[in-house]
Amino acid sequence: DSKDFDTETETVCPFCGVGCKVSLKVKDGKVKSVEGINGPANEGRLCVKGRFGFDYIHHPHRLTKPLIRRDDAPAKGLNVDPGNLGTHFREATWDEALDLAAKGLVDLKETHGGRSVAGFGSAKCTNEEAYLFQKFIRQGFKHNNVDHCTRLCHASSVAALMENVGSGAVTATFNQIENSDVAIIIGSNPIENHPVAATYFKQFTKRGGKLIVMDPRGVGMRRFATEMVQFRPGADVSMLNAIMNVIVEEGLYDQAYIEKYTENWEAQKAHLAPFTPEAMSEICGVSPDQLRRVARIYANGKASLIFWGMGISQHIHGTDNSRCLISLALMTGNVGKPGAGLHPLRGQNNVQGASDAGLVPMFLPDYQSVMDDGIRKAFTDVWGSDDFSNEKGLTVTEIVDQVYAGNIKGMYIQGENPAMSDPDVEHARDAFAKLELLVVQDIFLTETANYADIILPASTLYEKNGTVSNTNRQVQRVRPAVAPPGEAREDWAITTDLAQRIGLNWGYTDVSEVFNEMKLNMKSLNNITWERLKTETITYPSLTPTDPGQAIVFGDGFPRADGRAKFTPASVIAPDEAPDAEYPMIMTTGRQLEHWHTGSMTRRSLVLDAVEPEANCSLNPKTLRQMGVEPGEMVRLTTRRGSIEIMARADRAIAEDMVFVPFAYVEAAANVLTNPAIDPYGKIPEFKFAAVRIEKV
Ligand code: SF4
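Just so it is clear, the model here is predicted, and its values are computed rather than measured.

Draft legend 1. Fine view of the environment of Lys32. Note on placement: Lys32 falls in strand S3 (residues 30-36). Each C-alpha atom of the pair Lys32 and Lys142 lies 45 Å from the other, and the pair is 110 residues apart in sequence. Apart from the residues within four sequence positions on either side, Lys32 is in contact with Lys25, Val26, Lys27 and Phe54.

Laid out in structure tokens, this is it:
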């Protein structure tokens, strides 16, 4: 009923990479309800987070004034009560807080050099804000030590895609599944993590599409699967190589496609020869028969899509896992045609856009190398500034290690919560306690903000203007439905003010000016204008001023030097730590439907928190019986990094030697336990495999 609200604003859901378009109904300055509207990715659908996860924006814990750590505050630690900040912080004016932050950052630069300062931007902010954040570090401190949560998410997938197809984004939108007859979902739990995308996957099976679900956990999509392949954790490469071995042995590959569009096939074929189903079955825990069935179903499909998630990427062999998936698609000609392609399902709502905007240590916007003199010059010409380092910068976990070692002394962190999201998080927390200056810009007193010297109150996605890019490469406008509370401000405006105070020549007065600057050096934004985005969602690349964009790319070659995609063979590498007598089981981590990442937003959403209020882990009922633990009782999980106590749940879909731990709960933080060992290419930590001991409390 139109009488129930004062205004209605169209924008985009702030949670996952699906990028559902929403309409916000506002009454008396508060969002009252959220409805799905007809965006290309969601066609009116929403999941429980999108529909009910909005009241956090009005939560009494919102930061509304700049804060400065008190001289007499207790020692830095996870010790601030979000409802009583006065014990540690005093309120300040914007001028005082920004002046102090700028002076502190400049002092560090002048005393210890620019590399004593690093930055983490955010995949929760807009494209424009991500662009400004990387520019702030590169222009202001002359190096590339700037990163964001993509490092903990799909960095290994992007490394493999860049290497082998020449582009880090998806080759086909997930909606292309309407043209597929076969699909693989591997290392991904879309029913909980990309729920609206999952509705399209379910529809695909309803009309007869063959779905292959591959995961060490029996994830929800198994109920719709033609084949559920529950393989041993960390054994992805052995399983995928065995499937490819069958395709070679049975001649199911697409010779014409391989000859026309790829390179290194003979080496790949030779490499696969020893990976027979019989040889690999014991390693991956899948029968030779099932490996053969899966190979035949996938290779005989007319158009097959592969979707993957963190189960593939968050391993020390994450890049190898993605290399295998890319090879599987290439050898069967399943790229560049309707219903076929490679789709790493993006996590955060704007992790695609933030990466595109250059918020990564090795690339400027549009994945242009920081090592290329001409590319750096193109940017510094636009920025009106001197050159900066031609060395790839440090990644998220490398920056934390350098903070711990005392080499990085100051940080600017915008909208990220590494004191919850880093692996071996006690190490990260100890590192942040050592910083001489930590400036945190956020909407709540996150665990990371507990360690801050200066806190700058920022805005939620429902309070800001700009653009975001979803997992489908679709660029969409976001618009403010309500004003930020108190003195909180939009992130781009805060970064602009801080940049001016450290002496940079920034004069943005409207976020559209940032977008227009981005276009000068980002070909991906060709034909995408601020004007068009007022009414359109545009998928990049857009080939003409009226093209809504290309849902499928690489139909006629790849953006590599010779136009050919590449096969990169992958060998089996064991997980970093094997279970042993002391730590006999395997722990894996992930998300739950109701909670988003480190929980700062969804645990402050009434409905979502009511549905899922308590830290929990999932174990097989047989394992619980053997331990004498009833569902609902507490268990202690211990790894080589630390220990947590957490409520146990029974879940038949979990293998008997595994435990699944969501990472949203500070009181039982999964990342106290996780292994910081990283993949050598994507530099992504092994969140998906740790040896663990489980005891009844
Ligand atoms: Fe939001 Fe993702 Fe749910 Fe869509 S599927 S409503 S984008 S959380």
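Draft legend 2. Spatial organisation of the pattern of salt bridges. By the definition in use, this model includes 42 salt bridges. A salt bridge links Glu8 to Lys25; its shortest N-O distance comes to 3.2 Å. Within this pair, whereas Glu8 is found in strand S1 (residues 7-12), its partner Lys25 is found in strand S2 (residues 21-27), the two being separated by 17 residues in sequence. Owing to a relative accessible area of 48%, Glu8 belongs among the partly exposed residues under this scheme. A relative accessible area of 7% means that Lys25 is categorised as buried. In this structure, a network of salt bridges that share partners links the residues Glu577, Asp580, Arg640 and Arg641.

Draft legend 3. Region of the structure containing the sheet that holds strand S17 (residues 437-442). Spatial strand order, S5-S4-S18-S17-S16-S6-S7: 7 strands in an open sheet with mixed pairing. Because the sheet does not close on itself, it has two edges, and the strands there are strand S5 (89-91) and strand S7 (146-147). Summarising the sheet, strand S4 (residues 67-69) and strand S18 (residues 454-457) pair through 2 bridges and their orientation is antiparallel. Within the sheet, the bridge partner assigned to Leu67 lies in S18 and is Ile455. Across the sheet, helix H2 (residues 94-112) is in contact with S4, S5, strand S6 (117-120), strand S16 (410-414), S17 and S18; its angle to S18 comes to roughly 130 degrees.

Draft legend 4. Looking closely at the side chain of Thr460. As for its position among the elements, Thr460 is in the loop between S18 and strand S19 (466-469). Excluding anything up to four places from it in sequence, Thr460 contacts Tyr56, Ile57, Arg62 and Ile443.

Draft legend 5. Fine view of the sheet that holds strand S9 (residues 210-214). In spatial order, the strands read S10-S9-S8-S12-S13; together these 5 strands make up an open sheet with parallel pairing. One side of each edge strand has no neighbouring strand; the edge strands of this open sheet are strand S10 (227-229) and strand S13 (341-344). Neighbouring strand axes in the sheet, compared pairwise and without regard to direction, differ in orientation by 15 degrees on average. Where strand S12 (residues 304-308) lies against S13, 4 bridges are found, and the strand directions are parallel. What sits directly across from Trp308, in S13, is Pro344. Strand contacts of helix H11 (residues 288-300): strand S8 (182-186), S9, S10 and S12, with the helix running at about 125 degrees to S10, the strand carrying the most contacts.

Draft legend 6. Broad picture of a nonpolar patch on the surface. A contiguous nonpolar surface patch, about 360 Å² in accessible area, is contributed by Phe52, Leu606, Val607 and Val611. The element best represented in the nonpolar patch is helix H22 (residues 606-611), accounting for 3 residues. Mapped onto the elements, Leu606 comes out in helix H22. Exposure remark for Leu606: the relative accessible area of 65% places this residue in the exposed category.

Draft legend 7. Main features of unusual backbone geometry. Between Tyr540 and the following residue, Pro541, the backbone shows a cis peptide bond with an omega angle of 0 degrees. Position of Pro541 relative to the elements: it lies in the loop between strand S21 (538-539) and strand S22 (565-566). The phi dihedral of Asn264 falls on the positive side, at around 75 degrees, and the residue is not glycine. By the element assignment, Asn264 lies in the loop between strand S11 (262-263) and helix H9 (265-272). The exposure class of Asn264 is partly exposed, given its relative accessible area of 35%. The phi angle at Arg473 is positive, at roughly 65 degrees, despite the residue not being glycine. Turning to its location among the elements, Arg473 is positioned in the loop between S19 and strand S20 (474-478). A residue is classified by how much of its surface remains accessible, and Arg473, at 2% relative accessible area, is buried.

Draft legend 8. Inspection of the layout of surface pockets at higher detail. For the largest pocket, the calculated volume is near 580 Å³. Taken together, 23 residues line the largest pocket, and the ones lying closest to its centre are Gly166, Ser167, Asp366, Ser524 and Pro559. Grouping the constituent residues of the lining of the largest pocket by class yields 11 nonpolar, 7 polar and 5 charged. In this structure, the second largest pocket spans a volume of roughly 450 Å³.

Calculation notes
- Here, residues in each chain are numbered from 1, in the same order as that chain's written sequence.
- At least 70 in pLDDT is required for a residue's local features to be given in this predicted model, at least 80 for side-chain atom pairs to be given and counted, and no such filter applies to totals for whole chains, interfaces and linings, which use all residues.
- As a convention, hydrogens and water are excluded, and side-chain values are obtained from all of the structure's heavy atoms.
- Strands here are runs of E lasting at least two residues and helices are runs of H or I lasting at least four, both read from the DSSP assignment and numbered beginning at the N terminus.
- By the convention used here, residues are in contact when the closest approach between their heavy atoms is within 4.5 Å.
- Think of a salt bridge as a Lys or Arg side-chain nitrogen and an Asp or Glu carboxyl oxygen that are within 4 Å of each other.
- Throughout, exposure labels follow a simple rule: accessible area from a 1.4 Å probe, protein chains only, divided by the maximum for the residue type, with under 20% read as buried, over 50% as exposed, and the rest as partly exposed.
- Strands qualify as paired when DSSP identifies two bridges or more between them.
- To obtain an axis, a line is fitted to C-alpha atoms, over the contacting stretch when the element is a helix, and the angle between two such axes runs from 0 to 180 degrees between their N-to-C directions.
- Only residues whose relative accessible area exceeds 30% and that form no salt bridge enter a patch; like-charged residues are grouped when within 9 Å of one another, and nonpolar side chains (Val, Leu, Ile, Met, Phe, Trp, Tyr) when within 5 Å.
- Note on areas: Shrake-Rupley, 1.4 Å probe, and residue coverage restricted to the protein chains presented here.
- A pocket here means an open set of points on a 1 Å grid, computed over the protein atoms alone, that has protein on both sides within 12 Å along at least five of seven lines. A cavity is instead a set of points where a 1.4 Å probe fits but cannot get out; residues with an atom within 4 Å of a point line either one.
- Grid points are joined across faces, edges and corners, and a volume is the space filled by probe spheres set on the points.
- Amino acids outside the nonpolar list (Ala, Val, Leu, Ile, Met, Phe, Trp, Tyr, Cys, Pro) and the charged list (Asp, Glu, Lys, Arg) are all regarded as polar, and Gly is one of them.

Function cannot be inferred from these measures alone, as they are strictly geometric.
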